[in-house]
Structures are given as structure tokens and as C-alpha cells.
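# Descriptive analysis of the structure
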Amino acid sequence: MSASEMSRRAHITRDTLRKIENGTGSPRIDSLIAVITVLGFADHFIASADPFTTDAGRSLALDRARVKS
């Protein structure tokens, strides 16, 4: 897919996509998620942010929950 097509599908400017590709600037999170969605990785991205998907993450999340209660 061309960069122009990617930016069109993600509803972002070509300049924003270029900054995301180069790791420059500070793109908004919705722009990043739009690109990830177009690429078909949204489910993997969201799952990776869930602390309960690994034993270590589950342990840390439960420890923090116990401290707060």
C-alpha cells in the first residue's frame, strides 16, 4: 500500500504519517491507532496493553490492586 493510500485510509495527513514512520514529532494517539487499524494490528496492540495477558503482568496488576484497597 502506498503512503498516500495509508494516510487516506487512516484519515491523517501524509505529513503526519511521515512523522509516525520516522519517529519524529508527537503524533496524537488517535493517529497512531488509525494507522495500526489500517495495518490490521489493532487487536494485537490493544491486547499487548492488557496486563492480564501475561503471568508477570497479572501479578503486578493484582499487587497494585491490593495496595490500593
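These remarks concern the structure in this document. Because the structure is a prediction, the values reported are computed rather than measured. (Residues numbered from 1 in each chain as written. Predicted model: local features only at pLDDT ≥ 70, side-chain atom pairs only at ≥ 80, totals over all residues. Heavy atoms only, no water.)

## What about the overall build of the protein chain?
Put simply, the test is: We count a stretch as a helix when DSSP gives it H or I for four or more residues in a row; a strand needs E for two or more, and each element gets its number in order from the N terminus. Only the C-alpha atoms count toward the radius of gyration. The rule for a globule is 2.2 Å times the residue count to the power 0.38. For each residue, the accessible area found with a 1.4 Å probe, counting protein chains only, is set against the maximum for its type, and the residue is called buried under 20%, exposed over 50%, and partly exposed in between. For this analysis, residues touch if any pair of their heavy atoms sits within 4.5 Å. In short, Shrake-Rupley with a 1.4 Å probe defines the accessible areas, and a residue's cover is counted only from the protein chains shown. Positive: Lys, Arg. Negative: Asp, Glu. His and the chain ends are not part of the count. The location of each charge is read from NZ of Lys, CZ of Arg, CG of Asp or CD of Glu.
Across its full length, the protein chain holds 5 helices and 0 strands. Mapped from its N terminus to its C terminus, the protein chain presents α and β elements in the order α-α-α-α-α. A globule of 69 residues ought to have a C-alpha radius of gyration of about 11 Å, yet the protein chain, at 17 Å, is considerably larger. Taking the principal axes of the C-alpha coordinates as reference, the protein chain spans close to 50 × 25 × 15 Å. Residues counted as buried form 17% of the 69 residues belonging to the protein chain. For the protein chain, long-range pairs separated by at least 24 residues make up 22% of all intrachain contacts whose partners lie at least 6 apart in sequence. Total accessible area on the protein chain is roughly 5,300 Å²; 58% of this is exposed by carbon and sulfur atoms. Within the protein chain, the 8 negative side-chain charges are centred at a point lying 4 Å from the centre of the 10 positive side-chain charges.

## A look at the nonpolar core
Our working rule: The definition of a nonpolar core used throughout is a set of buried Ala, Val, Leu, Ile, Met, Phe, Trp, Tyr and Cys residues joined through side-chain atoms within 4.5 Å.
Counting 6 residues, the largest nonpolar core is built from M6, A10, I12, L17, A34 and V35. For this core, the elements supplying multiple residues, two or more each, are α1 (3–10) and α3 (29–39). The residues touching I12, leaving out its near neighbours within four places in the chain, are S7, L17, I20, S31 and V35.

## As for a nonpolar patch on the surface
How we decide: Two joining distances apply to patches: 9 Å for like charges and 5 Å for nonpolar side chains (Val, Leu, Ile, Met, Phe, Trp, Tyr), and every residue must have over 30% relative accessible area and no salt bridge. By convention in these notes, a salt bridge is any Lys or Arg side-chain nitrogen within 4 Å of a carboxyl oxygen on Asp or Glu.
Together, I29, I33, F45 and I46 make up an exposed nonpolar region whose accessible area comes to about 380 Å². Mapped by element, the contributors of at least two residues to the nonpolar patch are α3 and α4 (42–48). The residue I29 is located in helix α3 in this model.

## Notes on the packing of α1 against α3
Two packed helices can be described by the angle between their axes and the distance between those axes. Quick note on the threshold: For every element, the axis is a line fit to its C-alpha atoms; helices are fit only across the contacting stretch, and the angle between N-to-C directions ranges from 0 to 180 degrees. Orientation is classified from the angle alone, with under 35 degrees giving roughly parallel, over 145 giving roughly antiparallel, 65 to 115 giving roughly perpendicular, and any other angle giving oblique. Throughout, a crossing is termed right-handed when the near helix is turned clockwise from the far one, and left-handed when it is turned anticlockwise from it by less than a right angle. Under this grouping Gly is polar, as are all residues other than the nonpolar Ala, Val, Leu, Ile, Met, Phe, Trp, Tyr, Cys and Pro and the charged Asp, Glu, Lys and Arg.
Contact geometry of α1 with α3 gives a least axis separation of 9 Å together with a crossing angle of 115°. Here α3 runs roughly perpendicular to α1, going by the angle between their axes. In terms of crossing hand, the pair formed by α1 and α3 is right-handed. Residues M6, R9 and A10 of α1 form the contact with α3, whose participating residues are A34, V35, V38 and L39. Classifying every residue of the contact of α1 with α3 by side-chain character gives 6 nonpolar, no polar and 1 charged.

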